[in-house]
Amino acid sequence: VLRSLGIPTRVITNFNSAHDKNINLSIDKYIDISGKTLHLTEDSVWNFHVWNESWFIRRDLGSFYDGWQVLDATPQERSKGIYQCGPASTRAIKEGDVNLDYDSSFVFAAVNADYVTWIHYSNKRKERIYSDTRKIGKFISTKAVGTNSRVDVTANYKYPEVKEISFKISYSQYKNSLVDDRKILVTAV
């Protein structure tokens, strides 16, 4: 429909797409002390999700946010009381401007949420045991014009992921790092 009105539009596919039901910008998985998954959240990760982008001038948000805008024709959540999603500026999503209108926080989470695993001890106590900042939002793609080739547009949605360098530490060091709620992480830029 948008193309028939002369508005540039394309289909986008996001692999490992987060569905952040509570909009806390993380996908939370809860386990008990034996490692059994507890169903305490409606957050999920989908193999992929598809939406549209259209090219708009954003007088309502300012020219910084002009360009590709996310529009989801199959929203799974209500926004302002109705099932809708967008138009969320891809520039806002990339910059982390999650407080803007038009579902920018929901789309940000779809491509950039942290995947966090918690041990749930009781209603009042939980402990974060793992956080993956690189799992969500992979190979964000559209179709090339005039061919069937894939065009990677991930850089329109997020900055490059920081590469981790693995190294071995003793279990006691690892356990202490979790208790102190810190991560031992070596990064290369």
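Calculation notes
Residues numbered from 1 in each chain as written. Predicted model: local features only at pLDDT ≥ 70, side-chain atom pairs only at ≥ 80, totals over all residues. Heavy atoms only, no water. Core = buried A, V, L, I, M, F, W, Y, C linked by side-chain atoms within 4.5 Å. Buried < 20%, exposed > 50% of the residue type's maximum accessible area, 1.4 Å probe, protein only. Helix = DSSP H or I, 4+ residues; strand = E, 2+ residues; numbered from the N terminus. Contact = heavy atoms within 4.5 Å. Pairing = 2+ DSSP bridges.

Looking at an unreviewed UniProt entry, the protein carries the name TGM3L glutamyltransferase, with the source organism given as Pandion haliaetus.

Enquirer: So what exactly am I meant to see when it comes to the nonpolar core here?
Expert: One recurring pattern in soluble globular proteins: nonpolar side chains tend to sit buried together. V70, I93, V107 and Y157 are the most contacted members of the largest nonpolar core, which has 14 residues in total. Ranked by residue count, the leading element in this core is helix α2 (residues 104–112), at four residues. For Y157, the residues in contact, after removing those within four places along its chain, are I12, W51, E53, V70, T90, I93, K94, V107, V111 and I140. Grouped together as the second largest cluster of nonpolar side chains are six residues, A18, A109, A113 and Y115 included.

Enquirer: Honestly, the sheet that holds strand β2 (residues 26–31) in this entry has me stumped. Any pointers?
Expert: Strand-to-strand pairing in sheets goes through backbone hydrogen bonds, with the strands running parallel or antiparallel. The four strands are arranged β3-β2-β9-β10 in an open sheet whose pairing can be described as mixed. Two strands bound the open sheet, and with one partner strand each, they are β3 (37–38) and β10 (126–132). Bridge analysis of strand β9 (residues 114–120) against β10 gives six bridges, and the strand direction is antiparallel. Bridge pairing in β10 places W118 opposite R128.

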